[in-house]
Amino acid sequence: MNTQTENTRTRALRLGVAGPVGTGKSSVVATLCRSLRHEFQIGVITNDIYTDEDARFLRAEGVLPVERIRAVETGACPHTAIRDDVTMNLLAVEDLEKDFAPLDIVLIESGGDNLTATFSPSLVDAQIFVIDVAGGGDVARKGGPGIGRADLLIVNKVDLGEHVDVDVEQMLKDARAARAGAPVLAHSKKYPDTEKALCDWVRHLHEAHVSGTHVPTDPGPMAPHFHATEDGGYTHRHGDEAHPHVHR
């Protein structure tokens, strides 16, 4: 057995969950914890800029023992802590794995971000990107690294389609076209079959991780994006060391 496979087997599968604000990332994490906690030893790291609200939500829901749910307050744009400088998250994950060894799965929930947010492969082994029907039927067509190249794309809250005038089937068709055959999952916490499909996907991923057959891939860096500030703002390019900020 090679060293890489040995290292994979001695630590948890690290699974990132990213997506825009309000798409239901915490709900997805809660579903996985509730459904899989009797099969796997699970821990959770949440990310927010200034609060631990997502961690408090998960603790209040009772999805895991409270000490297995920890919060990282990034103090900056959420994608910085999951893509550019993952130190805070990496230390939090390593501490969680040390305190509750052996863990099987660590779920890392990003703070709400835009459609281009992706995790660094130095932080996670695989990543889920979450969009939702209530965000608009055209979201899947807009693409981006998260939508196009995450290991799994979840189209969440599909039960709301008729209430927000979104053609869910067309949205799913657009999502599949954007991903060129990579998996797309329609999901709603009101539909048990979709929750089962999500959990089955994670089960298969964990099996591949343990066997050493899963190869982490990098969805690619974020596109340049604008940050508003009191004096105007600046365009931020992640991963471009020569031009980290272009101020306006």
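For the chain, an unreviewed UniProt entry supplies the name Urease accessory protein UreG and the organism Advenella kashmirensis. The heading Subcellular location (unreviewed entry) in the UniProt record of the chain holds the text "Cytoplasm". In the Subunit (unreviewed entry) part of its UniProt record, the chain is described as follows: "Homodimer. UreD, UreF and UreG form a complex that acts as a GTP-hydrolysis-dependent molecular chaperone, activating the urease apoprotein by helping to assemble the nickel containing metallocenter of UreC. The UreE protein probably delivers the nickel."

Peer 1: Got a sec to walk through the environment of Phe 57? Specific residues and values, please.
Peer 2: Its location among the elements puts Phe 57 in helix α3 (residues 53-61). Take Phe 57: its relative accessible area is 35%, and that puts it in the partly exposed class.

Peer 1: Residue-level account of α3, with values.
Peer 2: One full turn of an α-helix is made of 3.6 residues, so residues set three or four places apart face in the same direction. Among the residues of α3, those classed as buried are Asp 54, Ala 55 and Leu 58. The buried side chains of α3 occupy one side of the element, clustering within an arc of 100° when seen end-on. Each element contacted by the buried residues of α3 is listed here: α2 (25-36), β2 (42-48), β3 (69-73) and β4 (105-109). Just downstream of α3, Gly 62 is the residue with a positive phi angle, here 70°.

Peer 1: Describe the UniProt feature "binding site: GTP" (unreviewed entry) in the chain, listing the residues and the values that go with them.
Peer 2: Taking the numbering used here, the UniProt-annotated feature "binding site: GTP" (unreviewed entry) corresponds to Gly 19, Pro 20, Val 21, Gly 22, Thr 23, Gly 24, Lys 25 and Ser 26. On the secondary structure map, Val 21 appears in the loop between β1 (13-18) and α2. The class of Val 21 is exposed, set by a relative accessible area of 70%. Discounting residues that sit within four places of it in the chain, Val 21 has contacts with Gly 112 and Asp 113. Positionally, Gly 24 belongs in the loop between β1 and α2. Setting aside residues no more than four positions away along its own chain, Gly 24 makes contact with Asn 156 and Lys 157.

Peer 1: Requested: an account of the side chain of Ser 188, with residues and values cited.
Peer 2: Inspection of the secondary structure puts Ser 188 in the loop between β7 (184-186) and α9 (192-211). A distance of 2.7 Å separates the side chain of Ser 188 from the side chain of Asp 159, its partner in a polar contact. In contact with Ser 188, not counting residues within four places along its chain, are Asn 156, Lys 157, Val 158, Asp 159, Thr 194 and Glu 195.

Rules used throughout
Residues numbered from 1 in each chain as written. Predicted model: local features only at pLDDT ≥ 70, side-chain atom pairs only at ≥ 80, totals over all residues. Heavy atoms only, no water. UniProt positions renumbered as here; feature names shortened; annotations may be inferred. Helix = DSSP H or I, 4+ residues; strand = E, 2+ residues; numbered from the N terminus. Buried < 20%, exposed > 50% of the residue type's maximum accessible area, 1.4 Å probe, protein only. Arc of directions from axis to C-beta. Contact = heavy atoms within 4.5 Å. Polar contact = N/O pair within 3.5 Å; in protein donor to acceptor, adjacent residues only side chain to side chain.

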